[in-house]
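Tertiary structure, described
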Amino acid sequence: KIESENAGSSRIALMAIIFHLCAFASIFDIYFRSPIINGLEEVEMPGGAQADRVVVFIADGCRADMFFSLYEGETLAPHIRSKILSGQASWGISHTRVPTESRPCHASIFGGIYEDPSAVTKGWQQNPVEFDTVMNASSAAFAFGSPDVIPLFAKGLGHVTAEVYPAEWEDFSSGCGSPSRGCRRLDDWVFGRLRALLRRAGG
């Protein structure tokens, strides 16, 4: 009788282990599936390109609740907020999808896809699976910004001019490396590079 009970307990333990292994594997099957579809044919835009140039400014960390709320009686983004509320700009709210890091929103904007979960195996430092973006489909592109993001879209592309600010400036816990100016230091750097580019282009 004791041997019978031990055998029954062993079967239950084995079934429990198998169940948990299946449940654990299902996480990878559901959430770690690549959104990239290979083998698609290029499609021409009806009527040609909608614009000769595309200019994108990204405010990383611009949460909807913070964007529309007031801080000490003032909005944190008065110009953009006034354009939206007056109906002079189109806008939308993007919803978070794991992994919740800065890279996924950039992948969605420039590539039209969600971040490939396999990027976790590379420490989020590179794209393990190549995909088309606005950068590699353009004849010329300029990118200024974070060292964590810009290289992901500009690496190996000779027609892309890219510059990044020092990585130590992204110390958000201490005011982005400059407590007196806060994270505005990063924005000032980007807009400074943009102004210099426009001055060079204008002769």
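Predicted model only: the values in this text are computed from it and were never measured.

So, on to the overall build of the protein. Along the protein, the regular secondary structure elements total 6 helices and 4 strands. Written out in order from the N terminus, the α and β elements of the protein read α-α-β-β-α-α-β-α-β-α. For the protein, the proportion of its 203 residues judged to be buried stands at 22%. Taking as baseline every contact in the protein between residues at least 6 positions apart, the subset at least 24 positions apart corresponds to 37%. By element, 57% of the accessible surface of the protein is carried by carbon and sulfur atoms, the whole surface being about 15500 Å².

This brings us to the confidence of the model for the protein. Scored by pLDDT, the protein has a mean of 77; 77% of the residues are at 70 or more. Counted against residues more than four places away or in other chains, residues 175-180, with its pLDDT under 50, gives 13 contacts.

This part is about helix α6 (residues 184-201). Its 18 residues place the ends of α6 26 Å apart at the C-alpha level, agreeing with the 26 Å of an ideal helix rising 1.5 Å per residue. Within the sequence span of α6, burial applies to Leu186, Trp189, Val190, Ala196 and Leu197. With its buried residues spanning 120 degrees around the axis, α6 presents them on a single face. α6 presents Arg184, Arg195, Leu198 and Arg199 as exposed residues on the side facing more than 90 degrees away from its buried surface. In this structure, the buried residues of α6 make contact with β3 (141-145) and β4 (160-164).

The residue Leu70 is located in strand β1 (residues 70-71) in this model. We classify Leu70 as exposed; its relative accessible area is 53%. What Leu70 contacts, discounting residues up to four positions off in sequence, is Thr75 and Arg81.

Bringing the pattern of salt bridges into the picture now. Under the definition given, this model contains 1 salt bridge. With a closest N to O distance of 3.0 Å, Arg193 and Glu163 form a salt bridge. With Arg193 in helix α6 and Glu163 in strand β4, the pair connects residues that are 30 residues apart, well separated along the chain. Owing to a relative accessible area of 30%, Arg193 belongs among the partly exposed residues under this scheme.

Reading the values: the criteria
Residues numbered from 1 in each chain as written. Predicted model: local features only at pLDDT ≥ 70, side-chain atom pairs only at ≥ 80, totals over all residues. Heavy atoms only, no water. Helix = DSSP H or I, 4+ residues; strand = E, 2+ residues; numbered from the N terminus. Buried < 20%, exposed > 50% of the residue type's maximum accessible area, 1.4 Å probe, protein only. Contact = heavy atoms within 4.5 Å. Areas by Shrake-Rupley, 256 points an atom, 1.4 Å probe, with all protein chains shown as cover. pLDDT = per-residue confidence, 0-100. Expected span 1.5 Å × (residues − 1). Arc of directions from axis to C-beta. Salt bridge = Lys/Arg side-chain N within 4 Å of Asp/Glu carboxyl O.

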